[in-house]
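Take a look at the letters that make up each chain.
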Amino acid sequence: MFTFFPAHRTGKKLFLVLLLLALTTPATRGQVRLEYYLPADVQYNAAIPTPQSFFGFQVGEWHLTPDQIHSYMKALAASSDRITIAPMGRTHEERELWLLTITSPANHRNIKAIQDQHLALADPSRSGSLNLPSMPIVVWMGYSVHGNEPSGANASVLVAYYLAAAQGEKIEKQLREAVILLNPSINPDGLNRFATWANMHRGMNAVADPASREHNEVWPGGRTNHYWFDLNRDWMPLQHPESKARLERYYEWRPNVLTDHHEMGTNSTFFFQPGVPTRNNPLGVKRTMELTEAIARYHAKALDRIGSLYYSGEGFDDFYIGKGSSYPDLTGSIGILFEQASSRGHVQESIHGDLTFPFTIRNQFTASLSTLEASIALKNELLAHQREFSSSALKESERSPVKAYVFGSSADPARNAHLLEILLRHRIEVFELARQTRAEGTSFEPGTAYIVPTAQPQFRLVASLFEKRTTFDDSLFYDISSWTLPLAFNLPSAELKNLVRDLMGKKVTSVPTGAGAIVGGSAEYAYAFEWNTYYAPKALYRLLKKGITAKVATKPFEAETIQGKKKFDYGTILIPLGYQHEKTGLIRITLEQAVKEEGMTIYALNSGLSTEGIDLGSASFANLPLPKIGLVVGSGASFTDVGETWHVLDKRFGIDVSLLETTSLGRLDLSRYTAIVMAGGSYGGLESSAIEALKKWNENGGTLVALEQAVEWTITNKLATAILRKGGTPRDSATGRRAYAEEDRFSGALNVAGAIFQASYDRTHPLLFGYTDSLMSVFLGSAVFLEPSKNAYATPVVFTKTPLLSGYMHKAYDKQLDSSGVVVVGSSRSGHTVLMTINPNFRAFWYGTNKLFLNSLFFGSVIRGSSARGEE
């Protein structure tokens, strides 16, 4: 384990004096001089504006907002020939994302050649001839991906000033030998929320009391982006504009070192990597850890100089590759996580004394400079590591038993396209499948399937995205334990142990757009489209919102089309024309929009008489109301789970959703909503009036949808009659003696970190309309389990007997999982409850179960009451 104890280096008395000074200087109340932050004995260019001269106050006195930070960075770029600044993209709230390039003026004049040469390091066909000692190192400094962890973003201002204004041979040498890419705030939407909160509650006298409102944000807080997503989990899924912009620039440079500046609990100190060695991703290489440890020594030395407490080698890991400190490790860079104890405002009491905002900023600034110092000192080793990483990946792929992965669905090109987009953004080589092939019992067809060879420089990343792993060196996880993409998308996939070259067709360089059509042109009687395509709900909602009547087929049928007889499955949407003749033009325009934007295939039907199955006027076609959805938000709800639900409805499917505060739920007129969703959360503070209002609304015909932990809440509060499977969270079952120090390890192994499981389903049930198989992959991240309903028709989705597909789950949960209910439907007079123990919208990349969730909103009223009663 790699841990430092600064008291041992400086001597106990000297260390205590330094610590006392650090905590009791004028920084305690936020009034500091620039010298408090900057290295001593350095001259600065007076032509470069200091932060105080620009803002009118010193860094640390107030929390800087993103627009203030970016305005200052532009001023630096305008006044220094060491800095250029360029936009990377925009956030959901249309704030610009900026990246500074900082290096010597001579390097700037040659920046394109330097960039091209650096990219050659990751290309085994070109990297062998490079002269490493002559090349600059590339260091990416990224700050405050979590908006309410502001010390990083505020420190970025000081880092940029220092690099622009410092004078002397040391800084000149650093700028000659390094290209620094500085991203001051990857989450300006969240940072703006938190800065506003902290500043609006700051008085003339900063208050350190942890109970003061400044230190206790209201829900959802500033950690997340606009849709309440944790952007430090989005490096792999790439579902947000901030992450897409960041990764685009990452691959334009492929930095050697990437820093990720965070905050943690107020009573902590300062953490830097490496983390726990046994909890790193096993696809990483040993050299990455060695270099991380070498860099860590520079952090220790720098923090020793200013007397800051710190630790390393414990608490954090790099297993999940979707984090800022993990992703670089699997792509040839060195990711460095910094965690600073947070003042969560301007000053807050801690077990170490009053923790001030300037103190937290100084630690982040210090770690930034120690990163640069280490990177330059280890320049040749880091450059060699990046070169070797790519070439060794090819050698490692030769030893891998898997030579390629094949995936693709002929039924849903949209899910194919979204997975392709992720792979291409990760610079993974993908090819069209050239001919039909069969693997692992599944047939894959050219035109709808793709092949990913493992023999490519991104081999380790490819393996991490496609592998199904169920064995681990450690049973503790800082984040989820599996993210296998084909399973997340519920796409057919297989491993190929032998890659036949003629299977590989044209290389995919862009995401194909869906080629929809209205088959048969203008209809005389009705239009129909199938529900098995991903964006069918978007097309249906658009129709219903325009007042167009649509029905859903609860049974299959066959109809005559211009292409001949066609079978239509459960869930087919029918738009009859006869009694809405005046809307024929509007219907046609709306369907053409679905063809153009969603790639939908729509069929013109010219007779109500089917050639097989139900006729178009059958009562088995159920009328569909426009979904009017309320999403419960606020105290007690998980802001990330709620955000995932909000995002999938609003951003992806264009569905209006009202955000209903928990504190006002009992006073609202709920009758306007056809469905109310309670995403994950405890909801413990919900008032009895809110519970009664929900119960009455549900009995009068509303559909209540509860996900994950909300399932337990609805049952406990008698809003649903399902039965929780007994067992709860297992306890450590040890009966003999164990070492005290081992308690965390054994109890932590019982946590549900998040894994992928197999479930079987009834595709005739309205909640499963659009699914064409009998098995699906689901994500489970909570220990909530349901008994199957006593009603034989009310548990349309159950876990299989041994359901673990990929990831970690303690064996103590085996009995609770075995054939337990994934989805249980209940009935309450005229309404329904739909309980899902899973998160069907997890992190926006679980495309495979989005439709399961959407079906509960569109088809809840279609479910027969008799099929849902059973536990009363």
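Further up the page is the structure itself.
Analysis parameters
Residues numbered from 1 in each chain as written. Predicted model: local features only at pLDDT ≥ 70, side-chain atom pairs only at ≥ 80, totals over all residues. Heavy atoms only, no water. Buried < 20%, exposed > 50% of the residue type's maximum accessible area, 1.4 Å probe, protein only. Helix = DSSP H or I, 4+ residues; strand = E, 2+ residues; numbered from the N terminus. Pairing = 2+ DSSP bridges. Axes fitted to C-alpha atoms, helices over the stretch in contact; angles between N-to-C directions. Contact = heavy atoms within 4.5 Å. Core = buried A, V, L, I, M, F, W, Y, C linked by side-chain atoms within 4.5 Å.

Visitor: I would appreciate a short explanation of the pairing of strand E20 (residues 557-561) in the present structure.
Guide: It is a general feature of regular strands that their side chains alternate between the two faces of the sheet. The buried fraction of E20 is high, at 4 of 5 residues. In terms of strand pairing, E20 meets strand E21 (residues 564-568) through 5 bridges, oriented antiparallel. Among the inter-strand pairings, Phe 557 is bridged to a residue of E21, identified as Phe 568. The antiparallel hairpin formed by E20 and E21 contains 2 residues in its connecting segment. As paired strands, E20 and strand E24 (residues 612-613) are joined by 2 bridges and run antiparallel to one another. When the sheet's bridge partners are listed, Phe 557 is paired in E24 with Gly 613.

Visitor: I would appreciate a short explanation of the sheet that holds strand E7 (residues 334-341) in the present structure.
Guide: Either a parallel or an antiparallel arrangement is found when strands of a sheet pair, and the pairing is made through backbone hydrogen bonds. Judged by pairing direction, the sheet is mixed, and its 7 strands sit side by side in the order E1-E2-E4-E3-E5-E7-E6 without closing on themselves. A single partner strand is all that each edge strand has here, and the edge strands are strand E1 (83-90) and strand E6 (270-272). Mean inter-strand twist for the sheet, computed between neighbouring axes without regard to direction, equals 20°. Packed on one face of the sheet, helix H4 (residues 66-79) meets E1, strand E2 (96-102) and strand E4 (178-183) and runs near 145° to E1. Packed onto the sheet, helix H8 (residues 151-165) meets E1, E2, strand E3 (137-143), E4, strand E5 (257-264) and E7 and runs at close to 140° relative to E3.

Visitor: In this structure, what is going on with the nonpolar core? I would like to understand it.
Guide: In terms of nonpolar packing, the biggest core is built from 171 residues, with Leu 465, Tyr 527, Phe 529, Ile 573, Ile 575 and Leu 852 touching the most fellow members. When residues no more than four places from it in sequence are discounted, the contact partners of Leu 852 are Leu 767, Leu 768, Tyr 771, Met 776, Val 797, Val 823, Met 836 and Ile 838.

Visitor: Teacher, can you tell me more about helix H22 (residues 709-716) here?
Guide: For an α-helix the count is 3.6 residues per turn, leaving residues at separations of three or four pointing the same way. Of the residues making up H22, those classed as buried are Ala 710, Val 711, Trp 713, Thr 714 and Ile 715. On its buried side, H22 packs onto strand E28 (675-678), helix H21 (688-699), strand E29 (703-707) and strand E34 (831-836).

Visitor: Looking at this structure, I do not really get unusual backbone geometry. What am I missing?
Guide: Residues other than glycine predominantly adopt negative phi, and peptide bonds predominantly adopt the trans conformation. Look at the link from Trp 219 to Pro 220: it is a cis peptide, with omega at 5°. Here Gln 273 and Pro 274 are connected by a cis peptide whose omega angle stands at 20°. Checked against the element boundaries, Pro 274 lands in the loop between E6 and helix H12 (286-306). We note that Lys 718 has phi near 60°; this positive angle belongs to a residue other than glycine. Along the chain, the position of Lys 718 falls in the loop between H22 and helix H23 (743-748).

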